[in-house]
Amino acid sequence: MTPQPDPPVPSRGRTAALFAASVLLATPACAQDWNDEGANADGQTPAFQGQTRAPEAQGSVQLDTAVVADGLDHPWGMDPLPDGSWLVTERSGALRMVAADGTLSEPIAGVPQVDARGQGGLLDVLVAPDFAQSRRIWLSYAAPSATEPGKNSTGVATATLSQDGRTLDGVTEIFRQQPAWASDKHFGSRLVLDRDGMLFVTLGERSDPEPRATAQNDDNHIGKLVRISPDGKPAGAGTAGWLPDVWSKGHRNVQAAALDGEGRLWTVEMGPQGGDELNQPQKGLNYGWPIITYGEDYDGTPIGEGITAQDGLEQPVYYWDPVIAPSGLVIYDGAMFPEWNGDILVGGLAAQALVRLDLDGDRVAGEARYLEGIGRVRDVAVAADGSLMLLTDADNGQMVRVTRAE
Ligand SMILES: [Ca+2]
């Protein structure tokens, strides 16, 4: 991944914005230049054919983009509400509503305190499927430790949104990653409800060598995916010796997750330089970090022993070298791009693009990139009409609607 030094920026006035003008940057990459770049890590061999650098996916879909809202301070997560508006987080700590016409609300009151340093802050937002009745949402965030000043870890809270949309009521923290560390990196943390109504929370390993070395330990939440009930009761793999909410282990920094049409969880994971991964994490399995990985450390030295495979450790379905710095993931199912149904769409911070993976069974058969140069794509979502929504990570971040060009 690309290190993200972005310091918190002072809050400032924002203007509601709706830009009708459509900017068009749009086609599948005409040349395969992204696929011809040199690898970050030389001399590594994929475990199977097609595990990296899949052929360019074919297709003639042309895209239009329109800025729905701008002036967002490093927006991180979004989810639609039943009335066509969206909830959007800003990493510096604000939760806002973006109306269907693009009008940006004032910050919603009642958001938990967040530690907005480095990669930390207010992160994902998830709207309950029964929101129209329950008004329920969940938030993830970098939570400052109450007992150890300077330390933090990923927290998840649930709340209900007041009828006027201005306040969170009944805010209750339902999960806190253990232990806390004095780090401003690798918080995860996407929130996904599965078909049993359980909540997946993706986490990170906090980046520093000391916590990283514990990503294989069974007695913590470092480098884990966890699964809990909507109120925080453990619903993990049930593996002997593991914490009861842990689903899978050996992850580096998982900033995107989604269910596929069969209800299975997929994730993309920020790897080291040359090791971003697509995984389909299964209950009780070990995804290898930091024992095995593709890529290398930022200074060019190997991670651990520099090995990419070992018995008992899962291979990624796909990996990127050079990296795209993946954040935001959907498995597309919508009316606007029917030829993409079942495809994986990933946002790229470093790639500054929307990345599409064409699946053949559970293997990647092709890769395509769109909207190259649009900015650091932090999140990807599908709107009710099948159009896509993107968030760009910047001081003046944007929410961008992506439609089919006619
Ligand atoms: Ca892995």
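Scroll up for the structure.
Values in this document were obtained by computation on a predicted structure and should not be read as measured data.

Caption draft 1: Here's a closer look at the environment of Leu388. Here Leu388 lies in strand β23 (residues 388-392). Separated by 105 residues in sequence, Leu388 and Lys283 place their C-alpha atoms 30 Å apart. In contact with Leu388, not counting residues within four places along its chain, are Val380, Val382 and Val402.

Caption draft 2: Structural context of unusual backbone geometry. Along the chain, Gln178 connects to Pro179 via a cis peptide bond; the corresponding omega equals -5 degrees. Mapped onto the secondary structure, Pro179 falls in the loop between β9 (168-176) and β10 (191-193). With a phi angle near 60 degrees, Arg135 is a residue other than glycine that sits in the positive phi range. Along the chain, the position of Arg135 falls in the loop between α2 (131-134) and β7 (136-144).

Caption draft 3: Inspection of the sheet that holds strand β4 (residues 86-90) at higher detail. Pairing is antiparallel in the open sheet, where three strands are placed in the order β3-β4-β5. Taken across any chain shown, the strands that pair with only one partner, and hence form the sheet edges, are β3 (75-80) and β5 (95-98). When strand polarity is set aside, the average angle formed by the axes of neighbouring strands in this sheet is 25 degrees.

Caption draft 4: Here's a closer look at the environment of Gly84. Mapped onto the fold, Gly84 is located in the loop between β3 and β4. Residue class for Gly84 comes out exposed when judged on the 12 C-beta atoms lying within 10 Å of it. For the pair Gly84 and Ala383, spaced 299 residues apart in sequence, the C-alpha separation works out to 8.3 Å.

Caption draft 5: Geometry of the sheet that holds strand β16 (residues 276-279). The four strands are arranged β14-β15-β16-β17 in an open sheet whose pairing can be described as antiparallel. Every interior strand has two partners, whereas the edge strands, β14 (254-259) and β17 (318-320), have only one. Ignoring which end each strand starts from, the neighbouring axes of this sheet average 15 degrees apart.

Caption draft 6: Local environment of the nonpolar core. Ranked by size, the top nonpolar core spans 96 residues in total, and within it Leu329, Val380 and Met399 carry the most contacts. Here this core takes six residues from β7, the largest share from any one element. In this view, Met399 contacts Val68, Ala69, Leu72, Pro75, Met78, Val88, Val98, Met389 and Leu391; residues no more than four positions away in its chain are not counted.

Caption draft 7: How the structure looks around the pairing of strand β24 (residues 397-404). In this sheet, β24 lies alongside strand β2 (residues 63-72) in antiparallel orientation, the contact comprising seven bridges. Bridge pairing links Asp64 to Thr403 in β24. As judged from the four bridges shared by β23 and β24, these two strands associate in the antiparallel manner. Note that in β24 the partner of Met389 across the bridge is Arg401. Taken together, β23 and the strand that follows it, β24, pair antiparallel across an intervening segment of four residues.

Definitions and limits used
- Residues numbered from 1 in each chain as written.
- Predicted model: local features only at pLDDT ≥ 70, side-chain atom pairs only at ≥ 80, totals over all residues.
- Helix = DSSP H or I, 4+ residues; strand = E, 2+ residues; numbered from the N terminus.
- Contact = placed C-beta atoms within 7 Å.
- Pairing = 2+ DSSP bridges.
- Axes fitted to C-alpha atoms, helices over the stretch in contact; angles between N-to-C directions.
- Buried ≥ 20, exposed ≤ 12 C-beta atoms within 10 Å, placed from the backbone.
- Core = buried A, V, L, I, M, F, W, Y, C linked by C-beta atoms within 7 Å.

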